[in-house]
Number of protein chains: 2
Amino acid sequence: MSAATLPAEIRLVEQLAGLFSRSPVQCNARHEADAELVRLPGSATVLAITTDAISEEIASGLYADLDLIGWMTVLVNASDLAAVGAEPLGLVLNQTLPPKMPPADVERLQRGVAAASGAAGLSVLGGDTNFGPSLHMGATAIGLVTDGRLLTRRGAAPGDLLFASAPLGLGGAFAFARFAGGAIDPPAFRPQPRLAHGRLVRRYASCCMDTSDGVMTTLHELSRLNDVGFALDRPLGELLHPEAAAVARAAGLPLPLLLAGPHGEFELLFTLPREVVTECLRAAAMLGWEPLALGHVTTGAGLRIGTGRDSVALDAGAIREAYHDTGGDLDRYRAKLTELMGPASR
Amino acid sequence: MSAATLPAEIRLVEQLAGLFSRSPVQCNARHEADAELVRLPGSATVLAITTDAISEEIASGLYADLDLIGWMTVLVNASDLAAVGAEPLGLVLNQTLPPKMPPADVERLQRGVAAASGAAGLSVLGGDTNFGPSLHMGATAIGLVTDGRLLTRRGAAPGDLLFASAPLGLGGAFAFARFAGGAIDPPAFRPQPRLAHGRLVRRYASCCMDTSDGVMTTLHELSRLNDVGFALDRPLGELLHPEAAAVARAAGLPLPLLLAGPHGEFELLFTLPREVVTECLRAAAMLGWEPLALGHVTTGAGLRIGTGRDSVALDAGAIREAYHDTGGDLDRYRAKLTELMGPASR
């Protein structure tokens, strides 16, 4: 893929990072893992480091409930550690609070942080609190990979099977309902940390990435990095979370659009070589977890969705860029997505 | 010290952190080290983790030059790693850029980051870039302590000698000149990472803290944590950076006020038990470094400044709170500081 056809946010990172020298102990190249993987000098231990803020989600009003904002501050980072199969070590918080934020609001925010911190096993080690005109929340989380193989976004090969950690679409349904101006009740949205799932996946998977930016963007990125395509050949109704599908039906939103938007459900997508599928699913069952089969990896780039002769090809790159290209206008974005999804949106 | 008399920012952190459970592998208590120290399970290695943003310095106009903003984004974090004597491992950036920031400005910012990253040996491992109405820059830096003792803010004992890594006052002089409305030329301000100094200090010192928040705040915090006092008994003219003193003289600013403000010079303050002073200074000389003797640790709380019968007692706690107490108004703040410094300001 030439530089000109790279997604906008990848081009930006390349521009920003072009001046920096690379660390000799970093295991992953840029974009190639959900967390930065750094081997400790003279040790087998690899640190997994990720940093993510939710300032845009707060500024846009997507996240308004303070308990959810606190939860997501931790969860977005826990999700990145999960996608590299790391043990959680801890996190530091980056907060900017409005100076006049009522103490009860500060407490609700921190209760959300504490709840997700406990759920993820990511102790709050410290942080930095500033004051400014608008609320800004972010964190840096650190995990450990002390043995076994590394898990990154690279390694998928044609023929591998594609799985998700759980049914999809809640992130899209939540965003759609939140921005629909009160006409639709949002589904409950409280993504769970998938760290135990990720550690299991690391033993078997050829690649893994979380759906923080939506399923289509995740598949497009995995396609780009691995020079493969994907066929989502399972009936769509079986891939979607029931509450997400209910929101789409109530709103007259084509079901595939739940997978297309830039706000995801923070599940893991991963690929398994066929020879390890049985063993991985057996190990997952012992965790009480049933990974969701989505489809398989194909040769060449491209994304197909649907079964057999009803399947259609989608331009995942254009879908990924549609939000940016329509300037964030929801009606234009929905129309553009419907056009790009073509027959798949009917 | 009772909760009611704790400094405002310490009270805030206590309130924010009260809901969080502590990590069993964290070596330091809250506030007791410039970086969080976390022992890797089953290992002798301790991670040093720090996160710091410069959003307030950008918002106030204190840092306006993009090259300096980039530099300080890294430096404030490198300085915390230095104060615990860690080896630098790398950092992740947290950036919020205005969407219409000209590419040449983005490049100047990143060149500042790259320069400090190179100077500190802190590779940029990755980061998170968002877009928002105003520029926000922060980072999380990670270092390693693989052997020897830990260095924290705790451990000073009466009789220990107090040192600084270099002459002081440039942070205060820079802030004063920047906010004086163009009447005074600011001194060159480009703090250097003190990581090599910190690693040496860790072998000898009883405590260490950087002066990121100014010398008085640093001494007050060390006093509070160690239940000791400090006597700065060296003539003030010998403690101050010549350029800082020149700014103060040009502006009619009493010299001790250069040490009182909340913007520091990012040097290390550390205490040495008398029996290791000679050996430490000999080791420092081999680095081409001459630590600056400031005074000594005293019994009881309190800060004295000046020599012999001319020395005066200062209320470092009140000086620390003065900026907050005067609502950031520069004239009121200067008057309040002058009052608090009493005879020392003449």
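Everything discussed here concerns the structure shown above.
Below: a short report on this structure. (Residues numbered from 1 in each chain as written. Chains lettered and ligands numbered in written order. Predicted model: local features only at pLDDT ≥ 70, side-chain atom pairs only at ≥ 80, totals over all residues. Heavy atoms only, no water.)

With that out of the way, let us pick up the interface of chain A and chain B. Contact with chain A, which involves 48 residues of that partner, is made by 48 residues of chain B. When the two sides are added together, the surface that chain A and chain B hide from each other amounts to roughly 4,000 Å², 67% of it contributed by carbon and sulfur. Among the residues of chain A in contact with chain B, Leu19(A), Phe20(A) and Leu125(A) are the three that bury the most area, contributing 16% of the side total. Our count for the contact surface shared by chain A and chain B stands at zero salt bridges. There are nine residue pairs in polar contact (both at pLDDT 80 or more) connecting chain A and chain B. Those elements giving two or more residues to the side of chain A that touches chain B turn out to be α1 (8-17), β1 (36-39), β2 (46-53), α2 (55-59), β3 (87-97), α4 (103-120), β4 (124-131) and β5 (136-145) of chain A. In the side of chain A that touches chain B, the residues fall into 24 nonpolar, 17 polar and seven charged. (Contact = heavy atoms within 4.5 Å. Buried area = accessible area lost by both parts, 1.4 Å probe. Salt bridge = Lys/Arg side-chain N within 4 Å of Asp/Glu carboxyl O. Polar contact = N/O pair within 3.5 Å; in protein donor to acceptor, adjacent residues only side chain to side chain. Helix = DSSP H or I, 4+ residues; strand = E, 2+ residues; numbered from the N terminus. Nonpolar A, V, L, I, M, F, W, Y, C, P; charged D, E, K, R; others polar.)

It takes a turn of 180° to lay chain A on chain B, together with a shift of 0.0 Å along the axis; the resulting RMSD is 0.0 Å. The relationship between the two copies is best expressed as a two-fold rotation axis. Scanning chain A for the C-alpha nearest the rotation axis identifies Thr140(A), at a separation of 3.5 Å. (Least-squares fit on C-alpha atoms with pLDDT ≥ 70 in both.)

All names here are of chain A. At a minimum axis distance of 8 Å, the contact between helix α5 (residues 170-178) and helix α9 (residues 242-251) shows a crossing angle of 40°. One element, α5, and the other, α9, form an angle in the oblique class. As for the relative orientation of α5 and α9, their crossing is left-handed in sense. Contacts between α5 and α9 involve Leu170, Ala173, Phe176 and Ala177 on the former and, on the latter, Glu243, Ala244, Val247 and Ala251. A class-by-class count of the residues in the contact of α5 with α9 yields seven nonpolar, no polar and one charged. (Axes fitted to C-alpha atoms, helices over the stretch in contact; angles between N-to-C directions. Parallel < 35°, antiparallel > 145°, perpendicular 65-115°, else oblique. Left-handed = near helix turned anticlockwise from the far one by under 90°.)

Residue and element names in this part refer to chain B. One open sheet holds the five strands; their spatial order is β1-β2-β5-β3-β4, and the pairing between them is mixed. Each having just a single partner strand, β1 (36-39) and β4 (124-131) make up the two edges of the open sheet. Each neighbouring strand pair of the sheet contributes to a mean axis angle of 15°, computed without reference to strand direction. Both strand β3 (residues 87-97) and strand β5 (residues 136-145) contribute to a ladder of nine bridges, which runs antiparallel. Residue pairing for β5: Pro88 is matched across the bridge by Gly143. Across the sheet, helix α3 (residues 66-83) lies against β2 (46-53), β3 and β5, angled at about 30° from β5, the strand it touches most. Against the sheet, helix α4 (residues 103-120) makes contact with β3, β4 and β5, and its axis sits at roughly 170° relative to β3, the strand it touches most. (Pairing = 2+ DSSP bridges.)

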